[in-house]
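So the chains spell out like this:
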2 protein chains.
Amino acid sequence: MSTPLRVDEVKRHKWWGWGLDDVTFNWRNKPGFQPLAKEKIGLDLFEMEEPTEPLLTDFEVPASRLSAAQREALVAVLGEDNLRDDDEFRVVHSFGRSLPDLFRARHGDFTRIVDAVVYPGTEEDVAAVLRLALEQDLVLIPYGGGSNISGSVTPDAAEQRPTLSLNMGRMREVLEIDDTSGLARVQAGAYGPDLEEQLSALGWTMGHFPDSFTYSTLGGWAATRSTGMQSDKYGDIEQIVRGLRMVHPDGTVVTKAVPGRDSGPSVHEMILGSEGRLGIITEATVQVHRIAPVRQVIAYMYPDWEHGIRGMHAIARSEVKPTFTRLSDGPETRFSLALVKEPTSTKSKVMAKVQDGLFAYLRSRGWDTTEEMCISYVCFEGTKERVERDQAQVKKIVAKNGGITLGAGPGAVYDQKKFDTPYLRDFLLNYQVFGDVCETGGSWSDLNEIHATVYQNYYAARARAGGPGFMFCHMSHTYHGGACLYFTFAFPYTSEETALEEYQDAKNAVQQTFVDLGSPVSHHHAVGIEHRPWITQDIGEVGARMVRGLFADNDPGRNLNPGKIIEP
Amino acid sequence: MSTPLRVDEVKRHKWWGWGLDDVTFNWRNKPGFQPLAKEKIGLDLFEMEEPTEPLLTDFEVPASRLSAAQREALVAVLGEDNLRDDDEFRVVHSFGRSLPDLFRARHGDFTRIVDAVVYPGTEEDVAAVLRLALEQDLVLIPYGGGSNISGSVTPDAAEQRPTLSLNMGRMREVLEIDDTSGLARVQAGAYGPDLEEQLSALGWTMGHFPDSFTYSTLGGWAATRSTGMQSDKYGDIEQIVRGLRMVHPDGTVVTKAVPGRDSGPSVHEMILGSEGRLGIITEATVQVHRIAPVRQVIAYMYPDWEHGIRGMHAIARSEVKPTFTRLSDGPETRFSLALVKEPTSTKSKVMAKVQDGLFAYLRSRGWDTTEEMCISYVCFEGTKERVERDQAQVKKIVAKNGGITLGAGPGAVYDQKKFDTPYLRDFLLNYQVFGDVCETGGSWSDLNEIHATVYQNYYAARARAGGPGFMFCHMSHTYHGGACLYFTFAFPYTSEETALEEYQDAKNAVQQTFVDLGSPVSHHHAVGIEHRPWITQDIGEVGARMVRGLFADNDPGRNLNPGKIIEP
């Protein structure tokens, strides 16, 4: 029997940004950052005033629309401790971590925020809250780690009915591990680090490490079809999650954690990615793996993107099955190098010299080490014998495709820093700069065209807007047929009034390119409201009609996170 | 541009059984078969009269319910050549190859058969037929190879509306191969051998080889969530089929052939397994692979099932990734050995001697080579180096789990005979014996319990019925979390009148055990009408409600293969 956490034990973002209050991006110890920001987007950090944090008390928070009777009924179910309707809780739960969400939160755009936050401790609690929501015609928005960047937890501005955020964070336990089958039954509210800690204490890992890892939950991953960095080995969440429990208006749906099933259209795959529109996921049975005896991340360099993609493709087609493969394009490689800390120790100073020497040598061989050179990381896991064999084979493949092997040093750095990027967006927002990401999947034969066209259309949009912009990209998550392209872009907005329009203009250029080239609206960032404008172009008129029908049939009263994924 | 086949070029089963007229099971050259049949189910073939084939002219075939105007309208769309309503065509298309279907066909139970068979040549044809069906309130049953054993193409006896079988066999072309991405666009009506022939001519394989391979189509595989023998390497059809085109009442649904998508609940996974209830699949984009340079099937023996399962599990957990792994239990091993042809050549006589010597040696080591010993096959594909390395590793794993390696000889025999089994059911029916199969998926920790309980409940059912029965089983299709168990059973029925009841009684004992133990109603044999009685126990009340809602929403008039998968 599991004991749910207390509400104050459940992690919470700072209300205006990503993660914890005391963690921020530090540019001063990264000498390459300021010059690059100045060159690419005209941001001269030496000239800027030190930013101050926004204060919630500067803004007006509207009163909760929950009636006293409704509040009382919820308290009767959950207990007073498990309902929070103070300003900070309501604000935090009304925004994911999309760019528009962050911008609106910082600027106190609280026109429509959730009216209360409820914290169920059991599946019965969830069912009772859902029943109450249906009886009282309340809106229910499930909340995991609040890290989505697609507006999946954001209430609709036009929603008049009282709206609850249902925070699953108290239900965070690994309930059972089937050692023989490598399957673990886990409550939906478990955050990434907590989940992996519980598993690794027993020698297991689930292997799901999205960028949002520190601030996202198992239920959230399932509800948004998340993909972790190590999907090449461990699979997307669709492969990892074998069975689900979801509280639905008509009862609890259970999809069996069986290897292969042939039971008609997949109910399991209707629930995955449903973002709370069919019910509340309370539990998942997931594949777990014994922690590999040896793990190594090796770094490689290619002279340019085309060579790199050929190398990645050749690795994907080989008999080597890495845990992940990642290729940064020229601009992203430059950006990564600009994030390297100033060498202070003797060892790091020596390493910096070695790097300078290597780059000089590569330039002498005709490489453009500033704009074109691409860094790549490949992660190997397994027995020592296998890791060594696979590394040797990848080294050959990389060389055959014009690249060189750097070794394990930079790989280890990558492996440690991988969850830090989200803090950078908050940092840039302090200086009126938008930084955001868009990603999609493409077949091997389409990757280069998508890559080139997205760049072209983004820079065209920025040129029309008359301001600077910077974009970079990496390829990761390889499959038999293709891979994911992950674009990051940044630009300074011109005024608070026009900021979100400027943002939409840039984002539109990228997203529209995806669907125009036959790629999906997202590879692993869900739909929510941010990607909703393209969903019909993505899944087609008839597909959209099928999904709309599914939601209308299961939630005719539109009480379950209405408006997400597709308009009614 | 593809040229569709002519109707007479489309493969057709004999009307009363599996496959071609001139292929039958020959027991006389298999000296082990008659004694086993006599021992297990009391069938003494030496005592039986030579059976005669049923004649269609012995039975009455009801007139087509299609009105002259409806027929004319269909002919106007498709041309006279592409509509067939003669008796044999109507009968063949009214039955899959389930045991009840075969029994009813042989005995001329033609109470309700399809009223005409239409053969579209293009997706436009399919759309036009569907429009006409909706206008005229006709029922439309898509037909691939007609090999399903779940009643998926069988019209409902109570259906009063004119019913069309829509045979996709003319549309059988590989339209395009994307060499870079390893993706092929293929029309849905392509039969297994035709498809693989078109692919292999260009150096590719799809790697999907279900038992039904010779008489099943790509569209049928997708519509029934088929799994091929080599799924360990190539995946179930859900993994192989990346994109689909389906003609739906509101237009054509296209699911993009992209690697990974995050576009809400998966429309793609609603279509897979939908058995024509949402529309007609016309095309699929599938993963294809370069034909492996080296392929080898190696046979192993274990002293008993428990050792075998431990060995299979250890292989699945190792770094070896075979193309398939298969373990026959004691009874199935005995059955397999009983199918070995009488040695006639010097070489086969020597081999038989060697086998006798080996078995004697194993008995001296305490093995029960008649009842308990289990044969296992593992298929290796890849470079010579990899195949050798993996074979060496599997040999070690097998030895560690108490088994021995037999070598490539028996494996090659298995590889050649794998598509012959369906003919055996027709042979047995000639002698009033039912032979059929049931399969499910179970986690590694549940496999032994499922195995034991199914045996127990099947033999208890046969004991209640007061007649003999035989059952055997193999494990194949391994996954991280478990595998498929595939049971075969046989028994003589007592009279034509009670035969189907006797059959249901035996089958119920097996299927009910599956769902009682938390396993799905089927691992890869679809639902149709044969597994429909257990679908709610399988996917639960709420899951059933979701699927029912999906069908009702997309096909409110119940024109699309009504009654399959779930009752309205």
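Here the focus is the overall build of chain A. Scanning chain A for helices and strands turns up 19 helices and 18 strands. Taking 568 residues into account, the globule formula puts the C-alpha radius of gyration at 24 Å, and chain A, at 24 Å, falls close to it. Each principal axis of the C-alpha distribution contributes one length, and for chain A these read about 75 × 60 × 50 Å. The buried share of chain A, reckoned over its 568 residues, is 63%. Looking at chain A alone, contacts between residues at least 24 apart form 76% of all its contacts between residues at least 6 apart. Surface accessibility of chain A: about 20,800 Å² in total, with carbon and sulfur atoms responsible for 52%.

What follows concerns the pairing of strand β10 (residues 280–287) of chain B. Residue and element names in this part refer to chain B. Counting buried positions along β10 gives eight out of eight residues, so the element sits mostly inside the fold. Sheet analysis places strand β8 (residues 241–248) next to β10, joined by six bridges and oriented antiparallel. Following the sheet pairing, Val247 is matched in β10 by Ile280.

Attention now goes to the side chain of Thr369(A). By secondary structure assignment, the location of Thr369(A) is in the loop between α13 (346–364) and β14 (374–382). You can call Thr369(A) buried: its relative accessible area is 9%.

Taken as a whole and assessed by the stated rule, the structure comprises 68 salt bridges over all chains. Salt-bridge contacts for Arg71(A) lead to Glu80(A); the nearest nitrogen and oxygen are separated by 3.1 Å. On the basis of relative accessible area, Glu80(A) is assigned to the partly exposed category, the value being 45%. A salt bridge links Glu381(B) to Arg295(B), with the shortest nitrogen-to-oxygen separation between them at 2.7 Å.

This part takes up the environment of Tyr377(A). Residue and element names in this part refer to chain A. Tracing the backbone shows Tyr377 in strand β14. Assessed through its relative accessible area of 10%, Tyr377 is described here as buried. In this structure, the C-alpha to C-alpha distance between Tyr377 and Ile113, residues 264 residues apart in sequence, is 42 Å.

Let us look at the confidence of the model for chain A. In this model, chain A carries a mean pLDDT of 95, and residues with pLDDT of at least 70 account for 98%. In the predicted complex, the global pTM is 0.97; the interface-specific ipTM is 0.96.

On to the side chain of Asp426(B), then. Secondary-structure assignment places Asp426(B) in helix α16 (residues 422–429). It turns out Asp426(B) is buried and unbridged, and the closest side chain with the opposite charge, Arg106(B), is 4.3 Å from it.

With that settled, the discussion passes to the relation of the copies chain B and chain A. What relates the two chain copies is a rotation about an axis together with a slide along it. The two copies are related by a screw motion: chain B maps onto chain A through a turn of 180° and a shift of 0.0 Å along the axis, at an RMSD of 0.0 Å. In symmetry terms, the pair is related by a two-fold rotation axis. Comparing interface residues between copies, 100% of those in chain B also lie at the interface in chain A; the contact surface is shared.

As a further point, take the packing of aromatic side chains. Taken as a whole and assessed by the stated rule, the structure comprises 54 aromatic pairs over all chains. Both rings, one in Tyr458(B) and one in Tyr459(B), keep their centres 5.2 Å apart while their planes meet at 70°; by these two values the pair is edge-to-face. In this structure Tyr458(B) comes out as buried when scored by relative accessible area, which is 0%. Here the aromatic cluster, defined as three or more aromatic residues joined through ring pairs, consists of Phe103(A), Phe434(A), Tyr455(A), Tyr458(A), Tyr459(A), Phe487(A), Phe489(A), Phe491(A), Tyr493(A), Tyr503(A) and Phe514(A). Sitting over the ring of Trp204(A), Arg290(A) keeps its end group 3.8 Å from the ring centre.

With that settled, the discussion passes to the pairing of strand β12 (residues 294–302) of chain A. Of the pairings in the sheet, the one linking β12(A) to β14(A) comprises nine bridges and is antiparallel in character. What sits directly across from Val297(A), in β14(A), is Cys379(A).

This part covers helix α13 (residues 346–364) of chain B. Taking 1.5 Å of rise per residue, 19 residues should cover 27 Å, and α13(B) covers 27 Å from first to last C-alpha, within 8% of that figure. Count one or two residues on from α13(B) and you reach Gly366(B), which has phi positive near 100°.

Now for the environment of Thr227(B). All names here are of chain B. Note on placement: Thr227 falls in the loop between α7 (218–224) and α8 (231–234). Residue Thr227 is classed as buried on the basis of its relative accessible area of 3%. A sequence separation of 247 residues divides Thr227 from His474, and the C-alpha atoms of the two residues are 15 Å apart. Polar contacts involving the side chain of Thr227 include one to the side chain of Asp236, which spans 3.2 Å.

Moving on, we come to helix α4 (residues 99–106) of chain A. Residue and element names in this part refer to chain A. Across the eight residues of α4, eight count as buried, placing the element largely inside the fold. Residues of α4 that are buried include every one of Leu99, Pro100, Asp101, Leu102, Phe103, Arg104, Ala105 and Arg106, and no others. Looking one or two residues beyond α4, the residue adopting positive phi is Gly108, at roughly 65°.

Moving on to the nonpolar core. Grouped together as the largest cluster of nonpolar side chains are 159 residues, with contacts concentrated most on Met206(A), Val286(A) and Val286(B). Leaving out residues up to four positions away in the same chain, Val286(B) has contacts with Gly182(B), Leu183(B), Ala184(B), Val186(B), Met206(B), Leu218(B), Ile240(B), Val241(B) and Arg242(B). Ranked by size, the runner-up nonpolar core spans 62 residues in total, among them Leu36(A), Leu485(A), Phe487(A) and Tyr493(A).

So, about the environment of Asp555(A). All names here are of chain A. With respect to the helices and strands, the residue Asp555 is situated in the segment after α19 (535–554). Residue classification places Asp555 among the buried positions, given a relative accessible area of 4%. The spacing of Asp555 and Thr111 is 444 residues in sequence and 26 Å in space, taken between C-alpha atoms. Discounting residues that sit within four places of it in the chain, Asp555 has contacts with Arg277 and Leu560. Only 3.0 Å separates the side chain of Asp555 from the backbone nitrogen of Asn559, close enough to count as a polar contact.

What follows covers the interface of chain B and chain A. If you look at the interface, chain B gives 77 residues, while chain A gives 77 residues. For the pair chain B and chain A, the summed buried surface comes to about 5,900 Å²; carbon and sulfur atoms form 57% of the total. On the surface where chain B and chain A come into contact, there are six salt bridges. Our count for the contact surface shared by chain B and chain A stands at 38 residue pairs in polar contact (both at pLDDT 80 or more). Breaking the side of chain B that touches chain A down by element, the ones donating at least two residues are β9 (251–255), α10 (267–271), α11 (305–317), α14 (384–400), β16 (433–443), β18 (482–492) and α19 (535–554) of chain B. Sorting elements by how many residues they give to the side of chain B that touches chain A places α19(B) first, with 14 residues. The residue makeup of the side of chain B that touches chain A, split by class, is 27 nonpolar, 35 polar and 15 charged.

Bringing the sheet that holds strand β17 (residues 470–476) of chain B into the picture now. Residues and elements named next belong to chain B. Pairing is antiparallel in the open sheet, where seven strands are placed in the order β15-β12-β14-β13-β17-β18-β16. Either end of the sheet is taken by a strand with one partner, and the two such strands are β15 (404–407) and β16. Between one strand axis and the next, the sheet turns by 20° as a mean value, whatever way the strands run. Across the sheet, helix α12 (residues 330–338) lies against β13 (324–328), β14 (374–382), β17 and β18, angled at about 100° from β17, the strand it touches most.

The strands making up a sheet associate through backbone hydrogen bonding, with each pair oriented either parallel or antiparallel. What the five strands build is an open sheet, ordered β5-β6-β10-β8-β9 (chain B); its pairing is antiparallel. Bordering the open sheet on either side are β5 (174–178) and β9 of chain B, each of which pairs with just one other strand. In this sheet, adjacent strand axes meet at a mean angle of 10° when their direction is disregarded. Pairing of β8(B) with β9(B), which is carried by five bridges, proceeds in the antiparallel orientation. What sits directly across from Leu244(B), in β9(B), is Thr255(B). Its contacts with the sheet put α19(A) on β8 and β9 of chain B, and the angle it makes with β9(B) is roughly 95°.

What counts and what doesn't
Residues numbered from 1 in each chain as written. Chains lettered and ligands numbered in written order. Predicted model: local features only at pLDDT ≥ 70, side-chain atom pairs only at ≥ 80, totals over all residues. Heavy atoms only, no water. Helix = DSSP H or I, 4+ residues; strand = E, 2+ residues; numbered from the N terminus. Rg over C-alpha atoms; globule rule 2.2 N^0.38 Å. Buried < 20%, exposed > 50% of the residue type's maximum accessible area, 1.4 Å probe, protein only. Contact = heavy atoms within 4.5 Å. Areas by Shrake-Rupley, 256 points an atom, 1.4 Å probe, with all protein chains shown as cover. Pairing = 2+ DSSP bridges. Salt bridge = Lys/Arg side-chain N within 4 Å of Asp/Glu carboxyl O. pLDDT = per-residue confidence, 0-100. Lys, Arg positive; Asp, Glu negative; His and termini not counted. Least-squares fit on C-alpha atoms with pLDDT ≥ 70 in both. Phe/Tyr/Trp six-rings, centres within 6.5 Å; stacked < 30°, edge-to-face > 60°. Lys NZ or Arg CZ within 6 Å of the ring centre and 35° of its normal. Expected span 1.5 Å × (residues − 1). Polar contact = N/O pair within 3.5 Å; in protein donor to acceptor, adjacent residues only side chain to side chain. Core = buried A, V, L, I, M, F, W, Y, C linked by side-chain atoms within 4.5 Å. Buried area = accessible area lost by both parts, 1.4 Å probe. Nonpolar A, V, L, I, M, F, W, Y, C, P; charged D, E, K, R; others polar. Axes fitted to C-alpha atoms, helices over the stretch in contact; angles between N-to-C directions.

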